[in-house]
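Fold and contact review
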Amino acid sequence: MIEKETKIIGISKSETIKRLGQIGAVERGTVKLRSLVFDTSESSLKKSGALLRLRTDGESTLLTLKLPNKEENEGLKILTEVETGIGDFNSMKKILMALGYGVVDEFFKIRTGFTVGQARVEIEEYLEKYSFIPPFIEIEGHSREEILNVAKMLGHSEDELKPWTLYDLIDYYRKGKA
């Protein structure tokens, strides 16, 4: 599957939720997510632009491989994503480690999800070691036009779209540019 998404930073969570209600968004609920990022000791995944993540909300677990995509992004992060449900978080962690992958990062976040038409809107709030990152919006859709349309309905401009990863957010906020 090709994943197309963007981030919008510098938001007010309460104003965003209010605006989502005004445009008829359907709330999907709030979950706490735990994620482990895996790589080899040589950082071969990171060097190739790939990400291997194991994530759980305490009830369901997903293993996700994200691979770079050559498509033009223009404010979007576009990745090829392969994802599958896993029965047991800890067993999958042990399997990945036995295959030579190590945990290179662990993080927790609160995600409040909404649907606007076919697009998914998430308000993300990192916890613990990444709690210095303020809440932000992530919009995922089938096309750039769909994502931009949702951003505009939420009162944001095209210039605010960021094709950033978690690690781009960390760099941005650690440098004090907020």
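Refer to the structure above for everything that follows.
Let us look at the structure shown here. Just so it is clear, the structure is predicted and the values come from calculations on it, not from any experiment. The numbering scheme is per chain: residues are counted from 1 as the chain's sequence reads. Since the coordinates come from a predicted model, pLDDT governs what is reported: local features require at least 70, and pairs of side-chain atoms require 80 or more to be given and counted, while whole-chain, interface and lining totals use all residues. In computing side-chain properties, one takes all heavy atoms of the structure into account and sets aside hydrogens as well as water.

Our next topic: the overall build of the protein chain. In this description a helix means any DSSP run of H or I spanning at least four residues, a strand means any run of E spanning at least two, and both kinds are numbered starting from the N terminus. Looking only at helices and strands, one finds five helices and eight strands in the protein chain. Seen in sequence order, the protein chain has helices and strands lined up from the N terminus as β-α-β-α-β-β-β-α-β-β-β-α-α. Every radius of gyration here is taken over C-alpha atoms, with the globule rule written as 2.2 Å times N^0.38, N being the number of residues. Against the compact-globule benchmark of 16 Å for 178 residues, the protein chain has a radius of gyration of 16 Å, which places it among compact chains. Taken along the three principal axes of its C-alpha coordinates, the protein chain extends 50 × 35 × 35 Å. Burial analysis of the protein chain (178 residues in total) assigns 43% to the buried set. Within the protein chain, contacts between residues at least 6 apart in sequence are counted, and of these 63% link residues at least 24 apart. Asp and Glu are treated as the negative residues and Lys and Arg as the positive ones, with His and the ends of the chain left uncounted. Every charge is mapped to an atom, namely NZ of Lys, CZ of Arg, CG of Asp or CD of Glu. Placing the 27 positive and 29 negative side-chain charges of the protein chain at their respective mean positions leaves the two points 3 Å apart. A 1.4 Å probe rolled over the protein chains alone gives each residue an accessible area, and that area as a share of the maximum for its type sets the label: buried under 20%, exposed over 50%, partly exposed in between. Whether two residues are in contact is decided by their heavy atoms, any of which lying within 4.5 Å being enough.

Within the element layout of this structure, Ala 50 appears in the loop between helix H2 (44-48) and strand S3 (51-56). Taking relative accessible area as the criterion, Ala 50 reaches 10% and is therefore assigned buried. For the pair Ala 50 and Thr 30, spaced 20 residues apart in sequence, the C-alpha to C-alpha distance is 27 Å. Residues contacting Ala 50, with those up to four places away along its chain left out, are Leu 45, Lys 66, Leu 67 and Pro 68.

Spatial strand order, S1-S5-S4-S3-S2-S6-S7-S8: eight strands in a closed barrel with antiparallel pairing. Each strand axis lies, on average, 35° off the axis of its neighbour in the sheet, ignoring direction. Strand pairing follows a simple DSSP-based rule, namely that at least 2 bridges must link the two strands. Inspection of the sheet shows strand S2 (residues 26-39) paired to S3 by five bridges, in the antiparallel sense. Looking at the pairing, Arg 34 lines up with Thr 56 of S3. Orientation is described by axes fitted as lines to C-alpha atoms, over the contacting stretch for helices, and by angles from 0 to 180 degrees between their N-to-C directions. The sheet contacts of helix H1 (residues 13-22) involve strand S6 (102-116), strand S7 (119-126) and strand S8 (136-141), and relative to S7 the element is tilted by about 160°.

Another point: the pattern of salt bridges. Criterion for a salt bridge: a side-chain nitrogen of Lys or Arg within 4 Å of a carboxyl oxygen of Asp or Glu. Counted by the stated rule, this structure contains 15 salt bridges. A salt bridge links Arg 120 to Glu 122, with the nearest nitrogen and oxygen atoms 3.7 Å apart. Look at Arg 120 and you get partly exposed, because its relative accessible area is 37%. What emerges from the salt-bridge pattern is a single network uniting Arg 28, Lys 109, Arg 111, Arg 120, Glu 122 and Glu 124.

On to helix H5 (residues 166-174). At 3.6 residues per turn, the α-helix brings residues three or four places apart onto the same side. Those residues of H5 lying buried are Leu 166, Leu 169, Ile 170 and Tyr 173. End-on view of H5: buried residues confined to an arc of 100°, all on one side of the axis. Those residues of H5 that are buried lie in contact with strand S1 (2-8), S6, S7 and S8. Under this definition, polar contacts are N or O atom pairs within 3.5 Å; protein pairs additionally need one hydrogen-donor-capable and one acceptor-capable atom, and for neighbouring residues in sequence, both atoms have to be side-chain atoms. Its side-chain oxygen placed 3.2 Å from the backbone nitrogen of Tyr 167, Thr 165 serves as the N-cap of H5. Phi turns positive one or two residues past the end of H5, at Gly 176, with a value near 70°. Of all possible arcs, the one meant is that of the directions from the helix axis to the C-beta atoms.

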